[in-house]
Amino acid sequence: MLDVKTFNNPIKVTWCPGCGDYGILNAVKSALAQLEIHPHEVMFFSGIGCGSKLPDYMNANAFTTIHGRALPVAMGTKLANHDLNVICITGDGDGYGIGGNHFLNIMRRNPDIVHIAENNMVYGLTKGQYAPTSERGFITSTTPEGSIEIAFNPLTTAINGGALFVARGFSGDPKHLAKLIMAAIQHKGYALVDVLQPCVIYNKINTYDYYRERVYKLEEAGHNPADRDAAWHKAQEWGEKIPIGILYQVEGQPTYEEQVSELKAGPIAKRTLQPLTRAQADALRREFF
Amino acid sequence: MAKRINDMTIRLGGEAGQGVESGGAGFAQALSHGGLWLHTYTEYMSRIRGGLNFFQIRVADHPLWAHTEGVHVLLAFSPEAVTNYGPHIVEGGALMFDDTLKFDHDAVTRRNVQLFSMPLTKIAQDLGGNKIMANTCGLGALAGIIEYPFEFVADVIRRNFMRKGDAVVQGNLKVAEEGYKVGRDKYAGSFDWKVSPLGERPDRMLLNGNQAIGMGAVAAGCRFMSGYPMTPASSILEYIASHAKKFDIVVKQTEDEIAAILFAIGAGNAGARALTATSGGGFSLMVEALGLAGMAEVPVVIVEAQRPGPSTGMPTKTEQGDLLFALFASQGEFPRIVLAPGTQEECFHTAVRAFNLAEKWQCPVIVMTEFYLTTMMRTLMPTEFPIERVQIDRGELLTAEQLDRLGEPYLRYRDTPSGISPRALPGHPKAVHQACSDEHDEYGHFEDEDPANRLKMAGKRWRKFQNIVEDLHEPTLYGPEGAGITLMGWGSTYGAMREAVDLLNASGTRTNLLHFVDIWPFPEAKATPLIEAARQLVAVEGNQSGQFAHLVRAMTGRRADRMILRWDGRPLSPEYIIEKLEEAKVHA
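The notes below deal with the structure included here. Everything numeric in this text was worked out from a predicted model, so none of it was measured. (Residues numbered from 1 in each chain as written. Chains lettered and ligands numbered in written order. Predicted model: local features only at pLDDT ≥ 70, side-chain atom pairs only at ≥ 80, totals over all residues. Heavy atoms only, no water.)

**Overview of the overall build of chain B**
- Scanning chain B for helices and strands turns up 20 helices and 23 strands.
- Here the C-alpha atoms of chain B give a radius of gyration of 26 Å, agreeing with the 25 Å that 2.2 N^0.38 yields for 588 residues.
- Projecting the C-alpha coordinates of chain B onto the three principal axes gives extents of approximately 85 × 60 × 45 Å.
- Considering only residue pairs separated by 6 or more positions, chain B has 74% of its internal contacts joining residues 24 or more positions apart.
- Total accessible area on chain B is roughly 21,500 Å²; 51% of this is exposed by carbon and sulfur atoms.
- Taking the average place of the 58 positive charges on the side chains of chain B and the average place of its 70 negative ones, the gap between the two points comes to 4 Å. (Helix = DSSP H or I, 4+ residues; strand = E, 2+ residues; numbered from the N terminus. Rg over C-alpha atoms; globule rule 2.2 N^0.38 Å. Contact = heavy atoms within 4.5 Å. Areas by Shrake-Rupley, 256 points an atom, 1.4 Å probe, with all protein chains shown as cover. Lys, Arg positive; Asp, Glu negative; His and termini not counted. Charge placed at Lys NZ, Arg CZ, Asp CG, Glu CD.)

Written as structure tokens, this is what we have:
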């Protein structure tokens, strides 16, 4: 097992004390170390928001992009170099709101990409506006009378949308979360890990205590992740009891990149570029004779 | 009237689905195989079936640069084609039509236009057994009236219908031959324009701007293309997709243009030469990501095939209205390169250069074309496309061996005198690094507060921008030096300007032409003396405001004396330029 410290870097973390993102950072490092994935073998992608700074706090390849856009940049990289382990870090607004269309489409494609969504159900970095995942009635600076929209459910959407690995973690339980992230990395194909991640400043409802009283582990409850109907029901469970763990997993399906014939000979980014041969050039020109 | 040989314009007009495009392309092939030079021009409506479209072929025994106004023979397949295009027929020209076509004869007979009525459908049914072949019959008749040898038409029929089997080939051949006889025997005597094959018939290519860009991208080692279909850029995506397997190119149609450019940025950052193509509306969506490529210093090539805006505008018409938008799109200041090829051969070379410049300077490169250039075809010698001699310059890309030997920590954004930071691809143990859209330090880590770092990194990027200009080309000068009038243009209006210059000089008006492909960073040092040397500077552009003229004025202080602009969705032609010059009373 690699030392977790391998992934440390000297960058000063700017998250608020008590932020749920710390648990996620630790879980990610722990998962990579346990799987012996070295910093150069992995590449992180993130968008904008508190959580999107996570890659900056890691010793690993990364591309911190723009709001909502981590998934398509990651997908482009995966198609250019599928040797890299690709992990996307998005927030709830970032991944499910502004990046919603990319979220819907990446599930249909099934690239071997891990998507960790830090879901605190509020906009933190812009100081407390409601998010797509905020519960109905949630009062914020832009919803003074309470949000009148129903909350976006990433888990039912993912199961419906074709995702073959759908999990929920809790950043207050980083050990369990690390296991989920490990399973997501080991899963061949797109893997969503939605993480209940308390924002200690702006979300006074969905707090650590709120979750601690409610979460239970699916693997301890005898849930069968291969059962799509059961997963669908678990994905809708919210209130007195909130399930964490792997809700749904189907293995053995081909990834997007495995089905691209141009990638059979290895990553395109690793091929040497040279001018075409005379014969190739002639053939290209001849098409227009 | 004397017979005029090998200089005429043929137009096929009708509804979408009537074979206007395919028939026209086939006839163009037949003329090209006769060693003739062609310039085609097509107009179509934004609909799948019906409507009104034309495919126009200008044919001559010398190289052509533009379409010209005036049609010598119109083969009309619909009444609307007669009504709309009849007025384009020149004095003494002819309207060809199937004898069952009902239309208002007065629309054309008021002028000195001949009516060539022919039983195209009847022949098709009697000899071919299928009225769809009326189109083939018309093309045969067309060859007959211009007395172009039938064998060239027959060759193209054999070649194009080969896949459909011998019966189809034979049926079409019979119908075409009968059409040919009718055209020749009945009407050739009264039609003044003739086309005959040349003695020398070297292999020539007939292609449009998008095909040339696609070929250039393949030649330059493009390994990735993502795109969202949008007229008139889609055919680049289609060209690359059809060559993907042979040339190891990953092609992805994405959910939208935002994803298209982001996929390309992801692939470009990972080390694959990456391309995306769109039109103005799609480019608008890509703008945020353009800034990302600028800030993160990722090489990516973006083709912006313009069409008239704003918004959805005129989807199947032409305009050069997006220049200033492309130069300044996205917030903040960052290096980008804007290139605008004017011809098919320039499309090829510009595509190659775009990939080299993008990797050398690690920045987005925008290639501007427009509908006209993307769809019009010209015949060209294969030597104009030296695919096997293309130079691939990956810039300061560190090899795995160089990285193995690296002593100091790798800095993705190392501050260097040139502004270029040697690039490592993600995946090497000694070059673990981060690319970043926030202001960052030399490592790539967020540093969005520190003013000293801001100055250092913004300075590095700006230095790069200033140095790029050394790599860019000066404008080309065509025509006599010291002319009284200098036409100044950019991109796809080159052909029309060039032919206008030739016509003006032939009539004694000394005129030359200053044409820009490399636009941004503006090649100020190289261009200013040429601009200042102009006695009367006339800006010629396909837009309403003279965008390039504004840029030139901002960069050089020289104001254009006149502007010739067109923004009705139609391309500039040599005649349009000359007419507007005369209206403006510009004299040498």
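**Side note on the pairing of strand E3 (residues 37-43) of chain B**
Residue and element names in this part refer to chain B.
- Among the seven residues of E3, seven are classified as buried, and the element is accordingly described as predominantly covered.
- Burial of the side chains of E3 extends over both faces: Trp37, His39, Tyr41 and Glu43 are buried on one face and Leu38, Thr40 and Thr42 on the other.
- Pairing of E3 with strand E4 (residues 50-60), which is carried by seven bridges, proceeds in the antiparallel orientation. When the sheet's bridge partners are listed, glutamate 43 is paired in E4 with phenylalanine 54.
- Following E3, the chain reverses through six residues before pairing antiparallel with E4. (Buried < 20%, exposed > 50% of the residue type's maximum accessible area, 1.4 Å probe, protein only. Pairing = 2+ DSSP bridges.)

**Some thoughts on the layout of surface pockets**
- Roughly 540 Å³ of internal volume is contained in the second largest pocket.
- Taken together, 22 residues line the second largest pocket, and the ones lying closest to its centre are A:Ala269, A:Lys270, B:Leu398, B:Ala400 and B:Leu425.
- No other element matches the three residues that helix H15 (residues 400-404) of chain B contributes to the lining of the second largest pocket.
- Within the lining of the second largest pocket, the residues separate by chemical class into ten nonpolar, six polar and six charged. (1 Å grid on protein atoms, 1.4 Å probe; cavity = no way out; pocket = protein on both sides within 12 Å on 5 of 7 lines; lining within 4 Å. Points joined across faces, edges and corners; volume = space filled by probe spheres on them. Nonpolar A, V, L, I, M, F, W, Y, C, P; charged D, E, K, R; others polar.)

**Things to note about the sheet that holds strand E4 (residues 113-119) of chain A**
- A sheet is described by the order of its strands in space; here nine strands give the open sequence E9(A)-E10(A)-E7(A)-E8(A)-E4(A)-E3(A)-E1(A)-E2(A)-E17(B), paired in mixed fashion. The sheet is open, and its two edges are formed by strand E9 (215-217) of chain A together with strand E17 (434-436) of chain B, each paired on a single side. Neighbour to neighbour, the strand axes of the sheet diverge by 20° on average, direction disregarded.
- Two elements, strand E1 (residues 42-46) of chain A and strand E2 (residues 61-64) of chain A, share four bridges in a ladder whose sense is parallel. Considered in E2(A), the bridge of A:Phe45 is made with A:Phe63. (Axes fitted to C-alpha atoms, helices over the stretch in contact; angles between N-to-C directions.)

**Regarding helix H11 (residues 280-296) of chain B**
Residue and element names in this part refer to chain B.
- Under the 1.5 Å per step criterion, the end-to-end length of H11 is 23 Å for 17 residues, consistent within 8% with the ideal 24 Å.
- Within H11, the axis deviates most sharply at methionine 286, by approximately 50°.
- Counting buried positions along H11 yields 13 of 17 residues, so the element is predominantly enclosed. (Expected span 1.5 Å × (residues − 1). Bend = angle between axes of the 7 residues up to and from the residue.)

**Some points on the pairing of strand E6 (residues 89-98) of chain B**
Residue and element names in this part refer to chain B.
- Within E6, eight of the ten residues are buried, leaving the element largely enclosed by the surrounding structure.
- When strand E5 (residues 71-76) meets E6, the two strands line up parallel, connected through five bridges. Paired with alanine 76 across the two strands is phenylalanine 97, which belongs to E6.
- Between E5 and its parallel partner E6, the chain crosses via helix H2 (residues 79-85), and the hand of that crossover is right-handed. (Right-handed = clockwise from strand over helix to strand, strands pointing away.)

**Here we look at the environment of B:Asn172**
All names here are of chain B.
- Structurally, the position occupied by asparagine 172 is in helix H7 (residues 166-187).
- Here asparagine 172 falls in the buried class, since its relative accessible area comes to 3%.
- Considered as a pair, asparagine 172 and methionine 133 are 39 residues apart in the sequence and their alpha carbons are 6.6 Å apart.
- Residues within four places of asparagine 172 in sequence aside, it is in contact with Met133, Thr136, Ile157 and Phe161.
- Within the structure, asparagine 172 has its side chain in polar contact with the side chain of threonine 136 (distance 2.8 Å). (Polar contact = N/O pair within 3.5 Å; in protein donor to acceptor, adjacent residues only side chain to side chain.)

**Looking at the interface of chain A and chain B**
- Taken together, the contacts link 54 residues of chain A with 69 residues of chain B.
- Summed over both partners, the interface of chain A with chain B comes to about 5,000 Å²; 63% of that surface belongs to carbon and sulfur atoms.
- Considering only the side of chain A, the residues that lose the most area to chain B are A:Leu273, A:Phe288 and A:Phe289, jointly responsible for 17% of the buried surface there.
- At the junction of chain A with chain B, the criterion picks out five salt bridges.
- With a closest N to O distance of 2.7 Å, B:Glu255 and A:Arg109 form a salt bridge. (Buried area = accessible area lost by both parts, 1.4 Å probe. Salt bridge = Lys/Arg side-chain N within 4 Å of Asp/Glu carboxyl O.)

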